[in-house]
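Spelled out from the first residue to the last, the chains are:
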Amino acid sequence: MRRKLAVLAVAVFSLFGLTVGTAAAAGSDFAPPGCFGERYGILFGQGVSVSCFPGEGYGYRVIAHCSNGSAFWYVVGDFVPYGFGPAVAECTGALLVPARVVAYQVDEI
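Residues numbered from 1 in each chain as written. Predicted model: local features only at pLDDT ≥ 70, side-chain atom pairs only at ≥ 80, totals over all residues. Heavy atoms only, no water.

Caption draft 1: Quick peek at the state of the cysteines. With the rule as written, the count across this model stands at two disulfides. Between the sulfur of Cys35 and that of Cys52 lies a disulfide, 1.9 Å long from S to S. On the sign convention where negative means left-handed, the S-S torsion of about 105 degrees between Cys35 and Cys52 marks this disulfide as right-handed. Of this pair, Cys35 sits in strand β1 (residues 35-42) while Cys52 sits in strand β2 (residues 45-52); the two residues are 17 residues apart in sequence, bridging distant segments of the chain. Between the sulfur of Cys66 and that of Cys91 lies a disulfide, 1.8 Å long from S to S. Where Cys66 bonds to Cys91 through sulfur, the torsion about that S-S bond is close to -65 degrees, and the disulfide is left-handed. Here Cys66, found in strand β3 (residues 59-68), pairs with Cys91, found in strand β6 (residues 87-92); they are 25 residues apart in sequence, far enough to count as distant. Since its relative accessible area comes to 1%, Cys66 is described here as buried. For Cys91, a relative accessible area of 0% corresponds to the buried category. With its disulfide-bonded cysteines labelled consecutively along the sequence, the chain is connected as 1-2, 3-4. (Disulfide = S-S within 2.5 Å. Helix = DSSP H or I, 4+ residues; strand = E, 2+ residues; numbered from the N terminus. Buried < 20%, exposed > 50% of the residue type's maximum accessible area, 1.4 Å probe, protein only.)

This is the structure:
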């Protein structure tokens, strides 16, 4: 009986550790200085919207690093001139394997 309780306790602590680790990793990225980003949910996926104040160059775009299970890919948002709204990139998945934004980066053009 004690062995079963010990195995159950280890399983619960392991599950808790995995949950806390992925939650901490999910919020680990930040927009660069002069920009602010926001994640939002879409049907079977997640997107990221980034707005930047004028900087060097003509504009910017956002690149989302996407994942669903064991697949990883990039989604490049459209070029946005400074002052004309946010740059958006969306990761879309399927019913049983929804996609999520693992990280994102902003490229100034």
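More follows now that the structure is in view.
Caption draft 2: Just the sheet that holds β6, in detail. One open sheet accounts for three strands, arranged β1-β2-β6; its pairing is antiparallel. Two strands bound the open sheet, and with one partner strand each, they are β1 and β6. Adjacent strand axes in the sheet meet at a mean angle of 15 degrees when their direction is disregarded. Sheet topology places β1 next to β2; eight bridges connect them, and they run antiparallel. (Pairing = 2+ DSSP bridges. Axes fitted to C-alpha atoms, helices over the stretch in contact; angles between N-to-C directions.)

Caption draft 3: Representation of the nonpolar core. With 17 residues, the main nonpolar core has Val48, Val50, Cys52, Tyr60, Val62 and Ala64 as its most contacted residues. Within the residue set of this core, elements represented by two or more residues are β2, β3, β6 and β7 (100-108). Not counting residues within four places of it along the chain, the set of residues in contact with Val62 comprises Val48, Val50, Val75, Val76, Gly77, Ala87, Val88, Ala89, Tyr104 and Gln105. (Core = buried A, V, L, I, M, F, W, Y, C linked by side-chain atoms within 4.5 Å. Contact = heavy atoms within 4.5 Å.)

The quantities given are spatial measurements derived from coordinates; they are silent on function.
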